[in-house]
Structure formats: structure tokens, C-alpha cells
Amino acid sequence: MTQEKVYKIALIPGDGIGPDIVTAACEVLDKAAGRFGFRLEYEELLAGGAALDASGEPLPQYTVEAAKGADAVMLGAVGGPKWDTLPTALRPEKALLGLRSSLGLFANLRPARMFPALVAQSPLRPEITAQGMDIMIVRELTGGIYFGEQGRSGRGEERKAYDTEAYSYPEIVRIARIAFGLAQGRNKQLTLVDKANILTTSQLWREVVKEIAPEYPDVQLDYLYVDNAAMQLVKRPYSFDVILTSNMFGDILSDEAAQITGSIGLLPSASLGLPGKPGMYEPIHGSAPDIAGQNKANPLATILSAAMLLRLSLGEEDAAAAIEDAVTKVLADGYRSPDLLAPGETAQEGMLLGTLEMTSAVLAAL
Ligand code: NAD
């Protein structure tokens, strides 16, 4: 008799709508697991405001250790007005940075996909959105200018400030390999976005990416300067597959791509470290304190993050694809949460759903 596969998932619901959307994602994960012959064991952990309230610190050591020992980490969102006046070291957001660094999460994956049923949500013209869009942005997360040496000096008109960007070969090669690997499983096209006409760090990125490209002969590699990439994303979003870029450029371009899809309630993300280490999966939106506890949160971004978890950390591709198909079907059937309505648009009779009903619709489609 073959033994049932069991995976350990560290669950960090967090604050605001976090607990509602994480509960929704677990129900969907469990249903997919039952259908595809594996089981998930969850351990619920505290981080963010919830941890501050319970223990006085945003990221208890126990949470870090338990997350490290899991196969993957599923996070809702952290933060809220209750903790906004605390000193920086005690802000709930510190938990995110702490988890990223303790788990060594250097690659941030932000897919931006246009659902056919929601093209009216996009700020782009219909002739562009009609051609679809399915982009995976791979952003370096732990290096570059956000982590470089910075300084400030002088007073009055003598004030000066500087930030520096540094990247090393190992930092570039490990994320480039993730991006090439993802491209191999998708449309086999990789675009490196940089500013190699000016920045020496960008020149190193190009050099390193070119050096390893022959190991991935099935992937077509091209390059774009970041200013041009920002323009091409709105002009021809349908023509991109995987975009690989540095921390700051990825920060900006992933938000641009998110806006093109029209709803942050639909966008998942993954953060990955070295192979074999747990990845962390979360929606790109925050804890939405304005709608917390009102059954108004759209759970789909978290459910789609759960699908990424199955694919990228557990290798359960069929279950991941089944969840994504179920979400596509629910949207195609006309079901909407309030955030998915374009300005002035109303849902059809009986099609406007809360968190619980939207989750049930996905479960039914699965
Ligand atoms: P937000 O993403 O929480 O909310 C922005 C707007 O989008 C709000 O109107 C909210 O109601 C709506 N929204 C967000 N997610 C939604 C969903 N799933 N369904 C329906 N509507 C949704 O951003 P914010 O208001 O700037 O931040 C609120 C808190 O979240 C802050 O404390 C912030 O620091 C924190 N935050 C956390 C994360 C994270 O945990 N990764 C990310 C961003 C912001």
C-alpha cells in the first residue's frame, strides 16, 4: 500500500481580513488535497499585530522556527491602525521583513494575469486587453539599493543624501536560475529588465544572465531597459512571459502590472529561497482593516496564492491547476465580490458574493 503524502503548512493568518482569507484558502487547499490524493497538516502561528497583542513582539521566535520547519508558509496580511503609532521596530510590518530574512526569501514572484471575465476592470483599452496578459514578474528581494549603504549629512542648503546599489554574482545567478526554470514551465520567454546603459550593477546582471543562458536553450532571452519596459507593459502586456529584474525595478513594475489587471483582490504572490527551503505565499494586498470582519474581503488572491504554494513548494501541479481553473470558472460564471466591480458596474442578480459565499463558489467549481 502506498503511503499518503502529508505536507506541513505553517499558517500565519495575521491581522484585519487575514484570518478570513486564510481560512478560505485552507478550505480550498483541503478540497484539492482530497481530490488529488495528499493531505495538509497546518500549524497556526502568530505574526504582526496579532503577535504584538499576544506577546509584545511582532515576530516571536517560535513563529520563525516553526515556519523554517514547514514545507511552506501561507500568510494572510499584517498591520492595521491599532499598531500604527508604535515605534518602527515594533510595527507589524517588521514581521514580514523578519520572515523574509530568516527564511532567506530572495525571489519574489508576482504573477499578473488578466482574467477574460474581468477585462473591463483594466484601465487599458479593450483592443489591448482582448489579447490577454499572463506575466510572471521575478523580483530580487533581499539585495540592491533597498539594502545598500545609505547616508545623509549637512544642514540647510548643505544637506546631502545617498543610497547605493550593489549586487554580487551569487545574488544574481540564484534568482536568474529561478526565472529560467519558471520560463521553461511557461511560454519559454524570459525578459531581463535593467538599466545596463547606465548602471554597472545592471551590466553585471546582463553578463551573468547571458553566461547561464546556454544551460536553458529552450528559453528565448531578451533584454529591455527599465524605462522602455514600463512603456511596453502598457502598450503590449500580452507579449511578456517571465520578467526578471532587480529589487527596486521589480517593486515598481510589479505594481504597474498589478494595476493593468484591474483588481488587487485577485493577485497572488510567492517568495522563494534556496531549493528545499520553505517558500512563503501571500496575496499582494494588505490587511484591509476598513472591511475586516464584514464578510466583504475577496479571498481569491489568497486562494490563488495557495495554488502557487501547491505548484512551487509541493510540486502538486495538477491540484494547483485545478484551483486556478476553478477560480477562472467562478469569474466566468459572473460571480463577483464588491472589489471586482468596475466603477458604475453592478453584479447580476444574486451574483454579488461575500468572502464565505465566494469560497463556497470556488469549492463547488473544484
Ligand atoms: P490594503 O491592500 O489593505 O487596502 C487597500 C484597499 O483595497 C482598501 O480599500 C481595502 O478594503 C481594499 N482591499 C484590499 N484587499 C482586499 C480584498 N481582498 N478584498 C476586497 N478589498 C480589498 O492596503 P492599505 O489600506 O494601504 O493597508 C492596510 C494595512 O495593511 C496597513 O497596516 C498596511 O501596512 C498593511 N499592509 C500589509 C501588507 C502585507 O501584509 N503584506 C501589504 C500591504 C499593506
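Residues numbered from 1 in each chain as written. Predicted model: local features only at pLDDT ≥ 70, side-chain atom pairs only at ≥ 80, totals over all residues. Heavy atoms only, no water.

1. What to know about the nonpolar core
Definition in use: The set of buried Ala, Val, Leu, Ile, Met, Phe, Trp, Tyr and Cys residues whose side-chain atoms join them within 4.5 Å is what this entry labels a nonpolar core. We call a residue buried when its accessible area falls under 20% of the maximum for its residue type, exposed when it is over 50%, and partly exposed in between, using a 1.4 Å probe and counting protein chains only. Working definition: helices are DSSP H or I runs of at least four residues, strands are E runs of at least two. Numbering for both runs from the N terminus. Boundaries between domains were set according to an automatic or database domain assignment.
Counting residues in hydrophobic clusters, the biggest one holds 70 residues, and the most contacted among them are Leu109, Val138, Leu244, Leu300 and Leu310. With nine residues, the single largest contributor to this core is helix 6 (residues 169-184). Of the residues that make up this core, three or more belong to each of domain 1 (1-106 + 278-366) and domain 2 (123-261).

2. Here's the deal with the packing of aromatic side chains
Here is the rule: Ring pairs shown here join Phe, Tyr and Trp side chains whose ring centres sit within 6.5 Å, with only the six-membered ring taken for Trp; geometry is labelled stacked below 30 degrees between planes, edge-to-face above 60, and tilted in between.
Going through the model one piece at a time under the given rule, you end up with three aromatic pairs. Judged by centre distance (5.2 Å) and plane angle (85°), the rings of Tyr167 and Trp205 are edge-to-face. Of this pair, Tyr167 sits in the loop between strand 7 (160-163) and helix 6 while Trp205 is found in helix 7 (residues 200-212), placing the two residues 38 residues apart along the sequence. Trp205 carries the same exposure label as Tyr167, and that label is buried. Relative to Tyr216, the ring of Phe180 has its centre 4.5 Å away and its plane inclined at 5°; by these criteria the two rings are stacked. Placement of the pair is Phe180 in helix 6 and Tyr216 in the loop between helix 7 and strand 9 (220-225), with a sequence separation of 36 residues. Look at Phe180 and you get buried, because its relative accessible area is 0%.

3. Concerning the side chain of Ser305
As a reminder, the rule being used: Contact between two residues is taken to exist if any of their heavy atoms lie within 4.5 Å; hydrogens are not considered.
With respect to the helices and strands, Ser305 occurs in helix 10 (residues 300-312). Other than its neighbours up to four places away in sequence, Ser305 contacts Met74, Pro268, Ser269, Tyr281, Glu282 and Pro283.

4. Let's talk about the domain arrangement of the chain
Many descriptions give the size of an interface as the accessible area lost when the pieces come together. As a reminder, the rule being used: When two parts are brought into contact, each loses some accessible area as probed by a 1.4 Å sphere; the total of that loss over both is the buried area. Whenever Lys or Arg places a side-chain nitrogen within 4 Å of a carboxyl oxygen from Asp or Glu, that contact is recorded as a salt bridge. Each residue gets one of three labels, nonpolar for Ala, Val, Leu, Ile, Met, Phe, Trp, Tyr, Cys and Pro, charged for Asp, Glu, Lys and Arg, and polar for the others, Gly among them.
One can read the domain layout of the chain as domain 1 (1-106 + 278-366) and domain 2 (123-261). Distance between the C-alpha centres of domain 1 and domain 2: 26 Å. With six residues of domain 1 at the interface, the matching set in domain 2 holds ten residues. A buried area of about 620 Å², summed over both sides, lies between domain 1 and domain 2, and 79% of it is on carbon and sulfur atoms. Linking domain 1 to domain 2 there are zero salt bridges. Residue composition of the side of domain 1 that touches domain 2, grouped by class: five nonpolar, no polar and one charged.

5. Some points on unusual backbone geometry
With phi around 60°, Lys188 is a residue other than glycine that occupies positive phi space. When you line up the elements, Lys188 lands in the loop between helix 6 and strand 8 (189-194). Given a relative accessible area of 33%, Lys188 falls into the partly exposed group. Of note, Asn295 is a non-glycine position whose phi angle comes to about 60°, a positive value. Along the chain, the position of Asn295 falls in the loop between strand 12 (279-283) and helix 10. A relative accessible area of 26% means that Asn295 is categorised as partly exposed.

6. Overview of the site of the ligand
Basically, it comes down to this: Only a single heavy atom is needed: when it lies within 4 Å of a molecule or strand, its residue is near that molecule or strand. Any N or O atom pair separated by 3.5 Å or less is treated as a polar contact, with the protein-specific requirement of one donor-capable and one acceptor-capable atom, and with residues adjacent in sequence counted only for side-chain atom pairs. Values of accessible area rely on a 1.4 Å probe in the Shrake-Rupley scheme; residue burial ignores everything except the protein chains shown.
In the vicinity of the ligand there are 19 residues, among which Glu93, Gly286, Ala288, Asp290 and Asn298 approach most closely. At 2.7 Å, a backbone N or O of Gly286 approaches an oxygen atom of the ligand. Note that a nitrogen atom of the ligand is positioned 2.9 Å from one of the backbone N or O atoms of Asn298. In isolation the ligand offers 820 Å² of accessible surface; the protein chains occlude 67% of this area. Counted by class, the shell around the ligand contains nine nonpolar, six polar and four charged residues.

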